[in-house]
Amino acid sequence: MMQGMPYVQYLFRAVAVGCMLYALTLIADTAQASSATELATERACHQHPLDNIRSED
């Protein structure tokens, strides 16, 4: 029974490292989406209200 323990420990470590990498990926994606939303909001706020009116010919 003791011979199987190192494999279990390696498995748990691999799962833990995988979860940490997944968490870092989620954090990075969330930060990127947040900055993209911030840029879009900033552009929308700085537009002149009359820029969205189209002239009808």
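Above this text you will find the structure in question.
## Notes on the overall build of the protein chain
1) Next: Looking only at helices and strands, the protein chain features one helix and zero strands.
2) Next: Expressed as a percentage of its 57 residues, the buried residues of the protein chain come to 0%.

## As for a nonpolar patch on the surface
1) Next: Together, Val17, Met20, Leu21, Leu24 and Ile27 make up an exposed nonpolar region whose accessible area comes to about 510 Å².
2) Next: Along the polypeptide, Leu24 turns up in helix α1 (residues 5–46).
3) Next: On the accessibility criterion, Leu24 (55% relative accessible area) is exposed.

Conventions adopted
Residues numbered from 1 in each chain as written. Predicted model: local features only at pLDDT ≥ 70, side-chain atom pairs only at ≥ 80, totals over all residues. Heavy atoms only, no water. Helix = DSSP H or I, 4+ residues; strand = E, 2+ residues; numbered from the N terminus. Buried < 20%, exposed > 50% of the residue type's maximum accessible area, 1.4 Å probe, protein only. Patch = residues over 30% accessible without salt bridge, like charges linked within 9 Å, V, L, I, M, F, W, Y side chains within 5 Å. Areas by Shrake-Rupley, 256 points an atom, 1.4 Å probe, with all protein chains shown as cover. Salt bridge = Lys/Arg side-chain N within 4 Å of Asp/Glu carboxyl O.

Function cannot be read off these values alone, since they describe shape.
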